[in-house]
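Now for the letters of each chain:
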Amino acid sequence: SSDVRNILFPVDYSEKTVEGLELLNSIFYNPIIKGIHFFELPKGYYKTGKSEEEFIEILKNNANKEAESIASKLKDIQNLSFENICSEGLDEFDNIIDYAKSNNYNIIAIGSRGRTNAASLLLGSFAEKFIRHNREIPTFIFKTKRENMDFLKAFLNF
């Protein structure tokens, strides 16, 4: 519907990010999409001789370059922006939900690897865990084509 426009989409800047953004743009009418990327300060960063603030700035600049690369592939998406935030070790689910609430997003879009039911018993997925955690903001879960991990493959990877 036309009132579902303000979409928060957690991203990792992989090819799945591009596919997900294209899908969201094709499904929703004139969406306003924010790609949100939370990153962590790696343990041992201090060994580089950089302060915490300097290292966060380096990581943020690197993520901004990845965001620009993705955006350049998606020129047909009118209202697309990205934000890169240091998660400071906080729970990823809470970070996403808190960001969505404080910035008035009315839907959170999550890409799923599309494991079969039997496979998800062994592995669980970010999307499955997210919907169990999120009780406040509607969540749109999607999977891209050719994204099914069957039970045997999941078992072998377990």
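Just so you know, these numbers come straight off a predicted model, no measurement behind them.

Asks: Give a description of the sheet that holds strand β2 (residues 32-39) that names residues and reports values.
Replies: Strand order in the open sheet formed by 5 strands is β3-β2-β1-β4-β5, and the pairing between neighbours is parallel. At either margin of the open sheet sits one strand with a lone partner, and together these are β3 (79-86) and β5 (139-142). Within this sheet the neighbouring strands show an average axis-to-axis angle of 25°, counted without direction. Bridge count between strand β1 (residues 6-10) and β2: 5 bridges; the pairing is parallel. The residue of β2 that forms the bridge with L8 is K34. Of the strands in this sheet, β2 and β3 touch helix α2 (residues 52-73), which is tilted by about 160° from β3.

Asks: Account for the side chain of N95, with residues named and values stated.
Replies: Note on placement: N95 falls in helix α3 (residues 92-102). Owing to a relative accessible area of 12%, N95 belongs among the buried residues under this scheme. Residues contacting N95, with those up to four places away along its chain left out, are F38, S87 and L90.

Asks: Requested: an account of unusual backbone geometry, with residues and values cited.
Replies: One non-glycine residue with positive phi stands out, namely N30, at about 45°. When you line up the elements, N30 lands in the loop between α1 (15-27) and β2. Since its relative accessible area comes to 35%, N30 is described here as partly exposed. Backbone geometry places N104, a non-glycine residue, at a positive phi of 60°. Along the chain, N104 turns up in the loop between α3 and β4 (107-111).

Asks: Got a sec to walk through the pairing of β4? Specific residues and values, please.
Replies: Across the 5 residues that make up β4, a large majority, 4, are buried. Where β1 and β4 come together, 2 bridges link them in parallel fashion. Residue pairing across strands places I7 opposite I107, the latter belonging to β4. Two elements, β4 and β5, share 4 bridges in a ladder whose sense is parallel. Its bridge partner being in β5, A109 is matched across the sheet by F140.

Asks: Can you explain the packing of α3 against helix α5 (residues 126-133)? Please cite residues and give values.
Replies: The contact between α3 and α5 brings their axes to 10 Å, and the two run at 60°. As judged from the angle between their axes, α3 and α5 are oblique. Helix-helix and strand crossings are classified by hand; for α3 and α5 the assignment is right-handed. Facing E92, F93, D94, I96 and I97 of α3, the residues of α5 in contact are F126, K129, F130 and H133.

Asks: An account of the pattern of salt bridges is needed here, citing residue identities and associated values.
Replies: All told, the structure shown has 3 salt bridges when counted by the stated rule. In this structure, K16 and E19 form a salt bridge, with 3.4 Å as the shortest nitrogen-oxygen distance. Placement of the pair is K16 and E19 together in helix α1, with a separation of 3 residues, close to one helical turn. Classification of K16 as partly exposed rests on a relative accessible area of 30%. When the shortest N-O distance is used, the salt bridge between K34 and E83 registers 3.2 Å. Taken as a pair, K34 in strand β2 and E83 in strand β3 lie far apart in primary sequence, 49 residues in all. K34 gets classed as buried once you look at its relative accessible area, which sits at 13%. The class of E83 is partly exposed, set by a relative accessible area of 28%.

What counts and how
Residues numbered from 1 in each chain as written. Predicted model: local features only at pLDDT ≥ 70, side-chain atom pairs only at ≥ 80, totals over all residues. Heavy atoms only, no water. Pairing = 2+ DSSP bridges. Helix = DSSP H or I, 4+ residues; strand = E, 2+ residues; numbered from the N terminus. Axes fitted to C-alpha atoms, helices over the stretch in contact; angles between N-to-C directions. Contact = heavy atoms within 4.5 Å. Buried < 20%, exposed > 50% of the residue type's maximum accessible area, 1.4 Å probe, protein only. Parallel < 35°, antiparallel > 145°, perpendicular 65-115°, else oblique. Left-handed = near helix turned anticlockwise from the far one by under 90°. Salt bridge = Lys/Arg side-chain N within 4 Å of Asp/Glu carboxyl O.

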